[in-house]
Number of protein chains: 2
Amino acid sequence: ARRRQLSVDEYVDGVLAGDRTIMGRAITLVESRNAEHRKLAQQILVKLLPHAGKAARVGITGVPGVGKSTFIEAMGKHLTGRDHKVAVLAVDPTSSRTGGSILGDKTRMNELAVDPNAFIRPSPSSGTLGGVTRTTRETMVIVEAAGYDVVLVETVGVGQSETMVSEMVDFFLVLMLPGAGDELQGIKKGVLEIADMIAVNKADADEKKARLAAREYRTALHIMTPASPNWTPPVLTCSALAGKGLAELWEKVDEHRTKLTESGELPARRRDQQLKWMWQMVRDQLMDALVEHPEVKHQLPEIEHAVAEGGLTPALATQQILQAFGVKFDV
Amino acid sequence: ARRRQLSVDEYVDGVLAGDRTIMGRAITLVESRNAEHRKLAQQILVKLLPHAGKAARVGITGVPGVGKSTFIEAMGKHLTGRDHKVAVLAVDPTSSRTGGSILGDKTRMNELAVDPNAFIRPSPSSGTLGGVTRTTRETMVIVEAAGYDVVLVETVGVGQSETMVSEMVDFFLVLMLPGAGDELQGIKKGVLEIADMIAVNKADADEKKARLAAREYRTALHIMTPASPNWTPPVLTCSALAGKGLAELWEKVDEHRTKLTESGELPARRRDQQLKWMWQMVRDQLMDALVEHPEVKHQLPEIEHAVAEGGLTPALATQQILQAFGVKFDV
């Protein structure tokens, strides 16, 4: 049976009332590839925007095997047990390739999935990283307007996904495995620099190793200039499986929020994130229009070949591409 | 007396013959803001391109006080003493603001400045970072075509200048000061990740401190995945003033070059750099055209305000901006 089409106001009222079915349907509109659906989604989002923005937004990443799902389930339960309403979203650009999806398998988060104060939404299983990022940002508006005061955004450590997530959250948490020396290798470039906190998970397995790992991460973080003058990223240990260290971790998130709200950095950061995101979309859409332009498409292979082989300067190549696109341009 | 205008072929022949006066004039054309000059420059560059690309391109950065000029002078002399021809260029986007310029004061490199096998060109003292980067890249073509087989590109640690330089060289060297603990703080975000080698300079002042610092940098580098499977960035100590450690440093540069040439990474990296640079210019020029468009200029303040204050979704704002620019666009 086909469901009755809801009006914009019915969507808005339903979301504001915390109706999980209507939230789900609104998110489906956001994720849709249908232009009409997406237009409707934008009308809903504009009305929800004034009600959004009150949640603590936390991004979470970690290497495979670090126990991200177990951690999110444990942290989610910890928070709903303290009267928080917790939404769990995901940015996984690989899901469109693999057909799988992080958070797709809700059995990975058995208890949280049935918690009335939790709302889990898997990463959309199709689309580019830019598309998935847009969807997750817009879904965040929906869950916040519905009254969720904690949004956890999980990401896989692939490509630019971590940077993208760090630019939609207030706090970026990096989960690490205990280990030392060579085992520590493999931290993705850029991750240390966007971390607001590192948590060495599975610390119960070998406490000494976990402490050693924490010390190495502290050294690495120590020699980098912190992003905020008011926050030095701490390195903690925890065990999601044993439920240890979760309260201490969340206290740090709270402390960060308090300090950066008082200093004015948090509201400024959020405004910057919105504008940066808008410009990112402008750039992406504009470049999409350029590479899809028939004349550019026609000339591009030859131009790129000439530049790669050293037969054409990049400046002249740029001139040719922009002329093909119809933009007047001086070298 | 006004100098006679040279033809494209006269410029090309002069540069290929290593004529320093003509090299200087060709670089002045590259740096010119005059459209005719720049058009002439592009005609010259296209003819020089097949003769360029044979030099070892090394980017050099370091915190203020690390002794960059002394280091470049010492390393330059070391190399010309071994029959290399050394060009020293610079990327300093601050010089347009301060009126000063790194390498501008040739007295900082007394000996190298009068060395017949060295060619020093200061950073152009005006222009955006993008403009200065373009100029330096194009100047590199000129000095390489003139037979300089080592190009050292100095940069100040400001904004994106280090990343920009790392994307035009084969090898990126980061100079550090000896010190430990708090003194190590202040490494710019991203610098550790683009370093192909770290050299702790002024090691003669306190060898123990220098070794301690080197160990901390090794730890920090160790936990990051190297950019190349064939190269783990080494951390060495040196003293440019005492002339110590320079031969060992350059051996590493040579070793890197040999390994990455054999593996095919170096030629691939250079092709990628050229194409990436072309696309960077396309994006920059296209966005320049957008923000300069009268209708975009007119609507932008209101759109940005609405997005920052949460009254408009970034997706709708993007639609409005692209429509103002005249690009057809679906949400």
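Not measured: the values here are computed from a predicted model. (Residues numbered from 1 in each chain as written. Chains lettered and ligands numbered in written order. Predicted model: local features only at pLDDT ≥ 70, side-chain atom pairs only at ≥ 80, totals over all residues. Heavy atoms only, no water.)

How would you sum up the relation of the copies chain B and chain A? Please name residues and give values.
For these two chains of identical sequence, chain B goes onto chain A by a turn of 180 degrees and a shift of 0.0 Å along the axis, with RMSD 0.1 Å. Such a turn and shift between the copies fits a two-fold axis. Rotation axis and chain B: the residue whose C-alpha lies nearest the axis is A220 of chain B, separated from it by 2.3 Å. (Least-squares fit on C-alpha atoms with pLDDT ≥ 70 in both.)

Outline the interface of chain B and chain A, supporting the account with residue identities and numerical values.
Taken residue by residue, the interface counts 63 residues in chain B and 63 residues in chain A. Of the roughly 5800 Å² buried between chain B and chain A, counting both surfaces, carbon and sulfur atoms make up 71%. One can count zero salt bridges joining chain B with chain A. Summed over the shared surface of chain B and chain A, the number is five residue pairs in polar contact (both at pLDDT 80 or more). The set of elements that each furnish at least two residues to the side of chain B that touches chain A consists of α3 (35–48), α9 (191–194), α10 (207–222), α12 (265–292), α13 (294–308) and α14 (314–325) of chain B. At 15 residues, the largest contribution of residues to the side of chain B that touches chain A is made by α12 of chain B. For the side of chain B that touches chain A, the residue count by class is 39 nonpolar, 14 polar and ten charged. (Contact = heavy atoms within 4.5 Å. Buried area = accessible area lost by both parts, 1.4 Å probe. Salt bridge = Lys/Arg side-chain N within 4 Å of Asp/Glu carboxyl O. Polar contact = N/O pair within 3.5 Å; in protein donor to acceptor, adjacent residues only side chain to side chain. Helix = DSSP H or I, 4+ residues; strand = E, 2+ residues; numbered from the N terminus. Nonpolar A, V, L, I, M, F, W, Y, C, P; charged D, E, K, R; others polar.)

If you had to explain the pattern of salt bridges to someone new, which residues and values would you point to?
Tallying each qualifying case throughout the model produces 27 salt bridges over all chains. Taking the shortest distance from any N to any O, the salt bridge between R57 of chain A and E144 of chain A comes out at 2.6 Å. Here R57 of chain A is found in strand β1 (residues 56–62), whereas its partner E144 of chain A is found in helix α7 (residues 129–145), with 87 residues between them in sequence. For R211 of chain B, the salt bridge identified is with E207 of chain B, shortest N-O distance 3.9 Å. Within this pair, R211 of chain B and its partner E207 of chain B are both found in helix α10, separated by four residues, close to a single helical turn.

Talk me through the nonpolar core; I want residue IDs and the actual numbers.
Core analysis: the biggest nonpolar cluster contains 56 residues, and V15, I142 and I198 of chain B have the highest contact counts within it. With seven residues, the top contributor of residues to this core is helix α7 (residues 129–145) of chain B. Here I198 of chain B is in contact with V174, M176, L192, Y217, L221, P234, V235 and L236 of chain B, once residues within four sequence places are set aside. L45, L49, V151 and A195 of chain A belong to the second largest nonpolar core, which has 54 residues in total. (Core = buried A, V, L, I, M, F, W, Y, C linked by side-chain atoms within 4.5 Å. Buried < 20%, exposed > 50% of the residue type's maximum accessible area, 1.4 Å probe, protein only.)

Lay out the pairing of strand β5 (residues 171–176) of chain B with the relevant residues and their values.
A regular strand places its side chains so that they alternate between the two faces of the sheet. Residue and element names in this part refer to chain B. Burial within β5 is extensive, with six of its six residues counted as buried. Here β5 shows two buried faces, one formed by F171, L173 and L175 and the other by F172, V174 and M176. In this sheet, strand β6 (residues 197–200) lies alongside β5 in parallel orientation, the contact comprising four bridges. Bridge assignment links L173 to a residue of β6, and that residue is M197. (Pairing = 2+ DSSP bridges.)

Quick one: what's the story with α3 of chain B, residue by residue and with numbers?
Its 14 residues place the ends of α3 of chain B 20 Å apart at the C-alpha level, agreeing with the 20 Å of an ideal helix rising 1.5 Å per residue. Among the residues making up α3 of chain B, those that are buried are R38, L40, A41, Q42, I44, L45 and L48 of chain B. Where α3 of chain B is buried, its residues touch α14 (314–325) of chain A together with α1 (8–16), α2 (20–31) and α7 of chain B. Capping of α3 of chain B at its N-terminal end is provided by N34 of chain B; its side-chain oxygen lies 2.7 Å from the backbone amide nitrogen of E36 of chain B. (Expected span 1.5 Å × (residues − 1).)

Explain the packing of helix α3 (residues 35–48) of chain A against α7 of chain A to me, and be specific about the residues and the numbers.
All names here are of chain A. Interhelical geometry of α3 versus α7 gives an angle of 45 degrees and a closest axis separation of 10 Å. Comparing the axis directions of α3 and α7 gives the class oblique. The element α3 and its partner α7 pack so that their crossing is left-handed. Of the residues in α7, those touching α3 at R38, Q42, L45 and L48 are R134, E138, V141, I142 and A145. Counted by class, the contact of α3 with α7 contains five nonpolar, one polar and three charged residues. (Axes fitted to C-alpha atoms, helices over the stretch in contact; angles between N-to-C directions. Parallel < 35°, antiparallel > 145°, perpendicular 65-115°, else oblique. Left-handed = near helix turned anticlockwise from the far one by under 90°.)

Give me the sheet that holds β5 of chain B: which residues, what numbers.
All names here are of chain B. Taken in spatial order, the seven strands of this open sheet run β3-β2-β4-β1-β5-β6-β7, and their pairing is parallel. In this open sheet, the two edge strands, each paired with only one partner strand, are β3 (118–120) and β7 (235–237). The sheet shows a mean angle of 25 degrees between the axes of neighbouring strands, taken without regard to direction. Note that strand β2 (residues 86–91) and strand β4 (residues 150–155) share six bridges and pair parallel. Counted as the bridge partner of V86 is V150 from β4.

Can you lay out the packing of aromatic side chains for me, pointing to particular residues and giving the numbers?
Under the counting rule described, the total for this entry stands at four aromatic pairs over all chains. The cationic tip of K85 of chain A hangs over the ring face of Y148 of chain A; the distance from NZ or CZ to the ring centre is 4.5 Å. (Phe/Tyr/Trp six-rings, centres within 6.5 Å; stacked < 30°, edge-to-face > 60°. Lys NZ or Arg CZ within 6 Å of the ring centre and 35° of its normal.)

Could you give an account of the sheet that holds strand β2 (residues 86–91) of chain A, with specific residues and numbers?
All names here are of chain A. The seven strands are arranged β3-β2-β4-β1-β5-β6-β7 in an open sheet whose pairing can be described as parallel. Each edge of the open sheet carries a strand with a single partner, namely β3 (118–120) and β7 (235–237). Averaged over all neighbouring strand pairs, the angle between strand axes comes to 25 degrees, with direction disregarded.

Mind laying out unusual backbone geometry, listing which residues take part and the relevant values?
Residue and element names in this part refer to chain B. Phi is positive for D83, close to 70 degrees, though the residue is something other than glycine. Within the secondary structure, D83 is located in the loop between α4 (68–80) and β2. A positive phi angle, near 60 degrees, is found at K202, a position not held by glycine. By the element assignment, K202 lies in the loop between β6 and α10.

Tell me what's going on with the side chain of S69 of chain B, and back it up with residues and numbers.
Relative to the elements of secondary structure, S69 of chain B occurs in helix α4. Apart from the residues within four sequence positions on either side, S69 of chain B is in contact with R108 and M109 of chain B.

For the packing of helix α4 (residues 68–80) of chain A against helix α11 (residues 246–262) of chain A, give the residues involved together with the corresponding values.
Residues and elements named next belong to chain A. Here α4 crosses α11 at 75 degrees, and the two axes come no closer than 10 Å. Between α4 and α11, the crossing angle belongs to the class labelled roughly perpendicular. When α4 is examined against α11, the residues F71, A74, M75, H78 and L79 are found in contact with a partner set consisting of L246, A247, L249 and W250. Taken together, the residues of the contact of α4 with α11 break down into eight nonpolar, one polar and no charged.

Help me get a handle on the side chain of R25 of chain B, residues and values and all.
Residue and element names in this part refer to chain B. Its place among the elements puts R25 in helix α2. One buried charged residue, R25, remains without a salt bridge, the closest side chain of opposite sign being E10 at 8.1 Å. If near-sequence neighbours (up to four positions away) are discounted, R25 is found in contact with R3, R4, Q5, L6 and Y11. (Lys, Arg positive; Asp, Glu negative; His and termini not counted.)

So yeah, pure geometry; function would need other evidence.
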